[in-house]
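Chain by chain, the residues:
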Amino acid sequence: LLRFLGYHRNYLTQAVLRLTGGNDIAWHDFNFSKLIDASSDDKELIGLEFLADENIQADWSHYWPSTGNAQNWDAVGKIYYKGKREWLLVEAKANLGEVKSECGAKNPESINLINSALKKTMKVCGVNASYLDRWLSPYYQYSNRLAVLNFLLFECEPSIPAHLLYIYFLGDTRDDITECPQTEEDWIPLIKQMNDWLGLSPDHEFSSRIHHLFLSVK
């Protein structure tokens, strides 16, 4: 993804715009690290730190834990969409192992906040509360990104329009046994499996704001 953002940004941007129907994207820079080795130590944007509003940050701290592993975004931008600027939050995947994760929170207060945020998100998406355990594993990363959408769209006043963009790379290779999809058809069953596991219908509340881009590493 850094290669596309650095050397093929226009190619990437045009692919995203064709997919989403947007007109333009302003990509945000990552944060600088205090170390010289920028290739490994410059920081991804985390949580909602791309928003400068102190009131939103305060509300976010009551919605999601401020400790532990917050959402790390592979890229963040603002897309000009249907006449206005909206946030574009990007996750990139190149192998099947990257898709699975589980909630590792241990602090009771953090667990309560996470459970509350996920339940609110599930309700908005029309998912029964009995599915909560499924939202905690094995596709927790996906579910907690949905919780971010829920916060921006339904917990903030006024609402903050945003989209999730999943970039699924095709044709990567690894030396270990992790499977790297080579075609779009290799990814699609897993995407469907994630949605089915979480109890999400094809037309759930956020379906029009979640986009899947398949991009060859070559």
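Given the structure is predicted, the values throughout are model-derived calculations rather than measurements.

**Looking at the packing of aromatic side chains**
Under the defined criterion, the tally for this structure stands at twelve aromatic pairs. Pairing W60 with W64 gives two aromatic rings, centres 6.3 Å apart and planes at 15°, and the pair type is stacked. Of the two residues, W60 and W64, both sit in the buried class. Here the aromatic rings of F154 and F206 are separated by 6.1 Å at their centres, their planes lie at 50°, and the arrangement is tilted. You can see F154 sitting in helix α7 (residues 140-155) and its partner F206 sitting in the loop between α8 (184-198) and β7 (210-216), a full 52 residues away along the chain. Above the face of the F4 ring, R3 is positioned so that its terminal group lies 5.9 Å from the ring centre. Here the basic side chain of R145 rests over the ring of W73, its NZ or CZ set 5.2 Å away from the ring centre.

**A few points about the pattern of salt bridges**
A side chain of one charge can pair with a side chain of the opposite charge if their charged atoms are brought near each other. Under the defined criterion, the tally for this structure stands at eight salt bridges. Between D196 and K192 there is a salt bridge, with its nearest N and O atoms 2.7 Å apart. Separated by four residues within a single helix, D196 and K192 lie in helix α8, roughly one turn from each other. By relative accessible area, D196 is classed as partly exposed at 40%. In the salt-bridge network here, residues are joined through shared partners; they are K84, E86 and R209.

**Some thoughts on the pairing of strand β6 (residues 162-170)**
The element β6 is largely enclosed, with a buried count of nine among its nine residues. Alternating residues of β6 divide into A162, L164, Y166, Y168 and L170 and H163, L165, I167 and F169, and every residue in both groups is buried. Pairing geometry for strand β5 (residues 84-93) and β6, over seven bridges, is parallel. Within the sheet, the bridge partner assigned to L89 lies in β6 and is L164. Relative to β7, β6 runs parallel, the two being bridged by seven bridges. Paired with Y168 across the bridge in β7 is F214. A crossover links β6 with its parallel partner β7, the connecting element being α8, and its sense is right-handed.

**Observations regarding the environment of F151**
Relative to the helices and strands, F151 is located in helix α7. Its relative accessible area of 2% is what places F151 among the buried residues. In this structure, F151 is in contact with L48, I56, D59, W60, Y63 and C156, ignoring residues within four places of it in sequence.

About the criteria used
- Residues numbered from 1 in each chain as written.
- Predicted model: local features only at pLDDT ≥ 70, side-chain atom pairs only at ≥ 80, totals over all residues.
- Heavy atoms only, no water.
- Phe/Tyr/Trp six-rings, centres within 6.5 Å; stacked < 30°, edge-to-face > 60°.
- Buried < 20%, exposed > 50% of the residue type's maximum accessible area, 1.4 Å probe, protein only.
- Helix = DSSP H or I, 4+ residues; strand = E, 2+ residues; numbered from the N terminus.
- Lys NZ or Arg CZ within 6 Å of the ring centre and 35° of its normal.
- Salt bridge = Lys/Arg side-chain N within 4 Å of Asp/Glu carboxyl O.
- Pairing = 2+ DSSP bridges.
- Right-handed = clockwise from strand over helix to strand, strands pointing away.
- Contact = heavy atoms within 4.5 Å.

Shape descriptors only; they carry no functional weight alone.
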